[in-house]
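Secondary and tertiary structure notes
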Amino acid sequence: PAPELYESAKLKSHALKVMNTVGVAVSMLDDVPALLPVLEGLGKKHVDYGVVPAHYEVVGQALLDTLALGLGDAFTPELKAAWAEIYGVVSSTMIKGANKVPAPAYTEHGSYATHSGADLGAIKDSQANAESWYTSPDCMPQSVRSCVSSLMPTKSA
């Protein structure tokens, strides 16, 4: 992938939005009835971006791997399970919201499903870039690593 991808303002912005959304979900665990409609609305919005349910699993795994990279040994199995659980609530609720929107017409392209008018080349490039970022965490922008650290609770002395 192109090295400039990792410094893309658009990619950094989206990564921070994902992290912030999960952080907001964590902060609203005491008020789940208020949280669920927000997440359903996000799911509806993501339908227009061509997001399908399988994408949520990829993002969830990337989130967990990013946290593991950023926290190292502090990312205990218990902490991983807690983050996986909250992301599961976020993703399943967003998928539920997305399912309330009529699905656009999709075209199969091998392992790719795109909505009408989608740029298949850009989708394949995007997937390759995302896979590279996932498999080469050293390429992850420092701003994303910093964001991960800022979302984690600090250890009490």
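Here is a short report on the structure shown in this document. (Residues numbered from 1 in each chain as written. Predicted model: local features only at pLDDT ≥ 70, side-chain atom pairs only at ≥ 80, totals over all residues. Heavy atoms only, no water.)

1. Digging into helix 3 (residues 53-71)
Note the following rule: The numbering of helices and of strands both runs from the N terminus, where a helix is a DSSP run of H or I of at least 4 residues and a strand a run of E of at least 2. By this rule, a helix spans an expected 1.5 Å times one less than how many residues it contains. A simple rule labels every residue: compare its accessible area, found with a 1.4 Å probe on the protein chains alone, to the largest value its type can have, and call it buried under 20%, exposed over 50%, or partly exposed in between. Think of the arc as the fan of directions from the helix axis to the C-beta atoms.
When the terminal C-alpha atoms of helix 3 are compared, their 28 Å separation across 19 residues agrees well with the 27 Å that a helix rising 1.5 Å per residue should span. Those residues of helix 3 not exposed but buried are Tyr 56, Gly 60, Leu 63, Leu 64, Thr 66, Leu 67 and Leu 71. Here the buried residues of helix 3 occupy an arc of 160° about the axis, which is enough to place them on one side. Pointing more than 90 degrees away from the buried face of helix 3 are the exposed residues Ala 54, Glu 57 and Val 58. Positive backbone phi, approximately 60°, marks Gly 72, located one or two places after helix 3.

2. Considering a nonpolar patch on the surface
Keep this limit in mind: A patch consists of residues whose relative accessible area exceeds 30% and which take part in no salt bridge; residues with like charges are grouped when within 9 Å of each other, and nonpolar side chains (Val, Leu, Ile, Met, Phe, Trp, Tyr) when within 5 Å. Each accessible area is a Shrake-Rupley result for a 1.4 Å probe, and residues are judged covered by the shown protein chains and nothing else. Salt bridges are defined as contacts in which a side-chain nitrogen from Lys or Arg sits within 4 Å of a carboxyl oxygen from Asp or Glu.
Residues Val 26, Leu 29, Val 32, Leu 36 and Val 89 make up a contiguous nonpolar surface patch of roughly 320 Å² in combined accessible area. Relative to the elements of secondary structure, Val 32 occurs in helix 2 (residues 32-47). Look at Val 32 and you get partly exposed, because its relative accessible area is 31%.

3. Quick look at the pattern of salt bridges
Pairs may arise between side chains of opposite charge once their charged atoms sit close together. Summed over the entire model, instances satisfying the criterion amount to 2 salt bridges. For the salt bridge of Lys 96 with Glu 40, the shortest nitrogen-to-oxygen distance reads 3.6 Å. With Lys 96 in helix 4 (residues 77-98) and Glu 40 in helix 2, the pair connects residues that are 56 residues apart, well separated along the chain. Overall, the relative accessible area of 47% leaves Lys 96 in the partly exposed class. Overall, the relative accessible area of 14% leaves Glu 40 in the buried class. Here Glu 40 and Lys 100 are joined by a salt bridge, their closest N and O atoms 2.8 Å apart. Here the residue Glu 40 occupies a position in helix 2, and Lys 100 occupies one in the loop between helix 4 and strand 1 (106-109), the gap between them amounting to 60 residues.

These values are about where atoms sit, not about what they do.
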